[in-house]
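Per-entry structural report
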Amino acid sequence: MRAAVSVPGAGALRGLLIFVLALATALAFAAPNYPALSGRVVDQAGILQESTKAGLQSKLRDLEDKSSIQLVVATIKSLDGYDIETYANGLFRYWKLGEAKKNNGVLFLVAPNDRKMRIEVGYGLEGVLTDALSKVIIASAVTPKFKAGDFNAGVESGVDGIVEILSGDKSEWVKKLPPPPSLFEEMLPFLIFALFIFIFIMMARSAGSQPTGYRRYRRGGPPVIILPPSGGGWDDFGSSGGSSWGGGGGGFDSFSGGGGSSGGGGASGDW
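Model, not experiment: these values are computed from the prediction. (Residues numbered from 1 in each chain as written. Predicted model: local features only at pLDDT ≥ 70, side-chain atom pairs only at ≥ 80, totals over all residues. Heavy atoms only, no water.)

Right, let's talk about helix 5 (residues 151-166) for a bit. Side chains three or four residues apart in an α-helix point the same way, a direct result of the helix having 3.6 residues per turn. Between its terminal C-alpha atoms helix 5 stretches 22 Å, which fits the 22 Å expected from 16 residues at 1.5 Å a residue. Judged by how many residues are buried, helix 5 sits mostly within the fold: 13 of 16 residues are covered. You can read the cap of helix 5 off the contacts: a side-chain oxygen lies 3.5 Å from the backbone nitrogen of Asn 152, and it is on Asp 150. Following helix 5 by one or two positions, Gly 168 has its phi on the positive side, about 95 degrees. (Helix = DSSP H or I, 4+ residues; strand = E, 2+ residues; numbered from the N terminus. Expected span 1.5 Å × (residues − 1). Buried < 20%, exposed > 50% of the residue type's maximum accessible area, 1.4 Å probe, protein only. Polar contact = N/O pair within 3.5 Å; in protein donor to acceptor, adjacent residues only side chain to side chain.)

Here it is, written out as structure tokens:
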């Protein structure tokens, strides 16, 4: 019988491995490096002109004064390895946009270095600024201008579209929605599933009615049918103020969120 061989430093190596794994796990679940909420326009990526920021600031303040809806525009340098949906929802909750009781906040987020953008909508506005309308704004008002390299015009067009819809003037945007699926298209996945069920039942009955000798030869009873997935349908083109301010530095107001939250409503896009 061989004696156990002790490897020098094995305990230390094991401890180091555990430490590295723990560190990697911690880093994997670390929160992104969110920017501070310094105003209604947070241009961390530095892609907007001062005149554009001033104009947006005025529009967003006016929207909040009239409706209490808190709309914030943010550009960031990096998504820190996260997808745009996760980052936008986390930033929305970190900033607590909108009133706590109404959850009437909206975040228009642009990550130019990742070529991603998203409109994140608070719980209370998901029925007004729907996923489909958010997608239309991104696709028709923002993306073409971003592709042309004009971030200022793209952000302005996106904000104008969001403000129009939140102000009740959504008729022109509704016209741009794709036509709804026909009744046959909606029922097709269920019809396919029902057809597979019918075939399965008929094959099971057929196998059960075979002569006794056949069943003994098979020894397995009815054949086993593995049904393929029936499909999930088609995407529907979409899927988501309690603030105070005073004089602020750099021409912007002192600004804060009002305690609102978002459940992931809205839409994303790239260019």
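Here the focus is the nonpolar core. Formed by 34 residues in total, the largest nonpolar core has its most connected members in Phe 108, Ile 119, Leu 129, Ile 137, Val 155, Val 159 and Ile 162. Sorting the residues of this core by element identifies helix 2 (50-67), strand 2 (70-75), strand 3 (105-111), strand 4 (116-121), helix 4 (131-147) and helix 5 as the ones contributing at least two each. The next biggest cluster of nonpolar side chains, apart from the first, holds 18 residues, and it includes Leu 37, Leu 79, Trp 95 and Leu 107. (Core = buried A, V, L, I, M, F, W, Y, C linked by side-chain atoms within 4.5 Å.)

This part is about the sheet that holds strand 5 (residues 265-270). Taken in spatial order, the five strands make up an open sheet running 1-2-3-4-5, and their pairing is mixed. Two strands close off the open sheet at either side, each with one partner strand: strand 1 (41-43) and strand 5. Across this sheet, the average inter-strand angle for adjacent strands is 10 degrees, counted without regard to direction. Bridge count between strand 2 and strand 3: six bridges; the pairing is parallel. The residue bridging Leu 71 from the neighbouring strand is Val 106, located in strand 3. Running at roughly 25 degrees to strand 5, helix 4 makes contact with strand 3, strand 4 and strand 5 of the sheet. Running over the sheet, helix 5 touches strand 2, strand 3 and strand 4 and is turned about 165 degrees from strand 3. (Pairing = 2+ DSSP bridges. Axes fitted to C-alpha atoms, helices over the stretch in contact; angles between N-to-C directions. Contact = heavy atoms within 4.5 Å.)

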